[in-house]
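Structure at a glance
For reference, the chains in residue letters:
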Amino acid sequence: MRSIDFGSWQGLIATVVGLALVTLIGVGIRLLIMFTIQQRRERLNRQINERLRTLIAAYKTLGGSFTGNLAVDPTHLRDLRRRDRESGGEDGGGSDRPRRIRDAVEAALSDIILLGTEDQVRLAERAARELVAGRPVHTHDLVVSLRDFIREALDLAPIPADLAIPVQGPARPSGTGGRGKGEGGAKAGRQGGGDGMGGGMGLGVGMVRDPDAPGPADLPP
């Protein structure tokens, strides 16, 4: 208060303007710091959300099955075709479901190596080496690690210890896409054929001559 000059209007105005400038600068610095912190927090939240979304998709791919063959077959399409030729079957006549499962698992392992924790990266690296070596791979241990990490990141309670969750394996891709397209095309073809027949019949009916109408012989020369 000693620095405030009340002796003249000029001194009072200068003092008030100085205080306002100091306050404005302080508020501006505070807003800039808060804006920077908020931007950094939003960027971290986006990164965490993208990481969780990717790891959840990998979890669904690696642990989407509880029954059937839960091992990943590392056989490639060329090996399947060679096996078919050696066995006397048709070229590529076998099911491509194991190949699609292996491709999906490889993509999921690549995402885990990029965004997983150290333990998950080690498990994914081990599974990738097993695939490269041509040995069947089980993904249950990696699925358990992903499940625990995702539940902890989402602030969910751990899985109760008294539950006996079956062993999980890679999800089996749906094979109804081609069939649905084929059925849709056949249905469209049948509808097109029906429309064509209906149009032809309507055209034929429309061209029937009225018996009361004058014929070519009744027309003047």
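The following paragraphs examine the structure supplied in this document. Being a predicted model, the structure only gives us computed values, none of them experimental. (Residues numbered from 1 in each chain as written. Predicted model: local features only at pLDDT ≥ 70, side-chain atom pairs only at ≥ 80, totals over all residues. Heavy atoms only, no water.)

1. Some details on helix α3 (residues 97–115)
With 19 residues, α3 should cover 27 Å at 1.5 Å per step; its first-to-last C-alpha distance of 27 Å lies within 8% of that length. Three or more residues of α3 are buried, namely Ile101, Arg102, Val105, Ala108, Leu109 and Ile112. For α3, the buried positions fall inside an angular range of 130° around the axis, keeping them on one side. (Helix = DSSP H or I, 4+ residues; strand = E, 2+ residues; numbered from the N terminus. Expected span 1.5 Å × (residues − 1). Buried < 20%, exposed > 50% of the residue type's maximum accessible area, 1.4 Å probe, protein only. Arc of directions from axis to C-beta.)

2. Things to note about the packing of helix α1 (residues 9–62) against α3
In helix packing, the relevant descriptors are the interaxial angle and the interaxial distance, both defined with respect to the helix axes. The interhelical angle for the contact between α1 and α3, taken along N-to-C directions, is 145°, at an axis separation of 9 Å. In terms of crossing hand, the pair formed by α1 and α3 is left-handed. Contact residues: α1 offers Arg51, Thr54, Leu55, Ala58, Thr61 and Leu62, while α3 offers Ala104, Val105, Ala108, Leu109, Asp111, Ile112 and Leu115. Grouping the constituent residues of the contact of α1 with α3 by class yields nine nonpolar, two polar and two charged. (Axes fitted to C-alpha atoms, helices over the stretch in contact; angles between N-to-C directions. Left-handed = near helix turned anticlockwise from the far one by under 90°. Contact = heavy atoms within 4.5 Å. Nonpolar A, V, L, I, M, F, W, Y, C, P; charged D, E, K, R; others polar.)

3. Concerning the packing of helix α4 (residues 118–132) against helix α5 (residues 140–153)
Two elements in contact, α4 and α5, have axes separated by 10 Å at closest approach and are oriented at 160°. Regarding the angle of α4 to α5, the classification is roughly antiparallel. As α4 runs across α5, the sense of the crossing is left-handed. Of the residues in α5, those touching α4 at Asp119, Gln120, Leu123 and Ala124 are Asp141, Leu142, Ser145, Leu146 and Phe149. Considered class by class, the residues forming the contact of α4 with α5 number five nonpolar, two polar and two charged. (Parallel < 35°, antiparallel > 145°, perpendicular 65-115°, else oblique.)

4. Examining the side chain of Arg147
For Arg147, the position within the fold is in helix α5. Look at Arg147: it is buried, it has no salt bridge, and the nearest opposite charge is Asp148 at 4.3 Å. Excluding residues that lie within four positions of it along the chain, Arg147 makes contacts with Tyr59, Ile159, Ile165 and Gln168. (Lys, Arg positive; Asp, Glu negative; His and termini not counted. Salt bridge = Lys/Arg side-chain N within 4 Å of Asp/Glu carboxyl O.)

5. Thoughts on the pattern of salt bridges
All chains considered together, the criterion is met by seven salt bridges. Note that Asp103 and Arg99 form a salt bridge whose closest N and O atoms lie 3.9 Å from each other. Residue Asp103 and its partner Arg99 are both found in helix α3; the two are separated by four residues, about one turn of the helix. In this structure, the salt-bridge partner of Arg129 is Glu125, at a minimum N-O distance of 2.2 Å. Of this pair, Arg129 and Glu125 both sit in helix α4, four residues apart, roughly one helical turn. Judged by its relative accessible area of 33%, Glu125 falls in the partly exposed class.

6. Points about the nonpolar core
Among the nonpolar cores identified, the biggest contains 21 residues, and Leu55, Leu62, Val105, Leu109, Ile112, Leu142 and Leu146 are the most heavily contacted of them. Those elements that provide at least two residues to this core are α1, α3, α4 and α5. Beyond its immediate sequence surroundings of up to four residues, Leu142 is in contact with Leu62, Leu109, Ile112, Gln120, Leu123 and Ala124. (Core = buried A, V, L, I, M, F, W, Y, C linked by side-chain atoms within 4.5 Å.)

7. Points about a nonpolar patch on the surface
A contiguous nonpolar surface patch, about 840 Å² in accessible area, is contributed by Trp9, Ile13, Val17, Leu21, Ile25, Ile29, Ile33 and Ile37. Tracing the sequence through the fold places Ile29 in helix α1. Residue Ile29 is classed as partly exposed on the basis of its relative accessible area, which comes to 47%. (Patch = residues over 30% accessible without salt bridge, like charges linked within 9 Å, V, L, I, M, F, W, Y side chains within 5 Å. Areas by Shrake-Rupley, 256 points an atom, 1.4 Å probe, with all protein chains shown as cover.)

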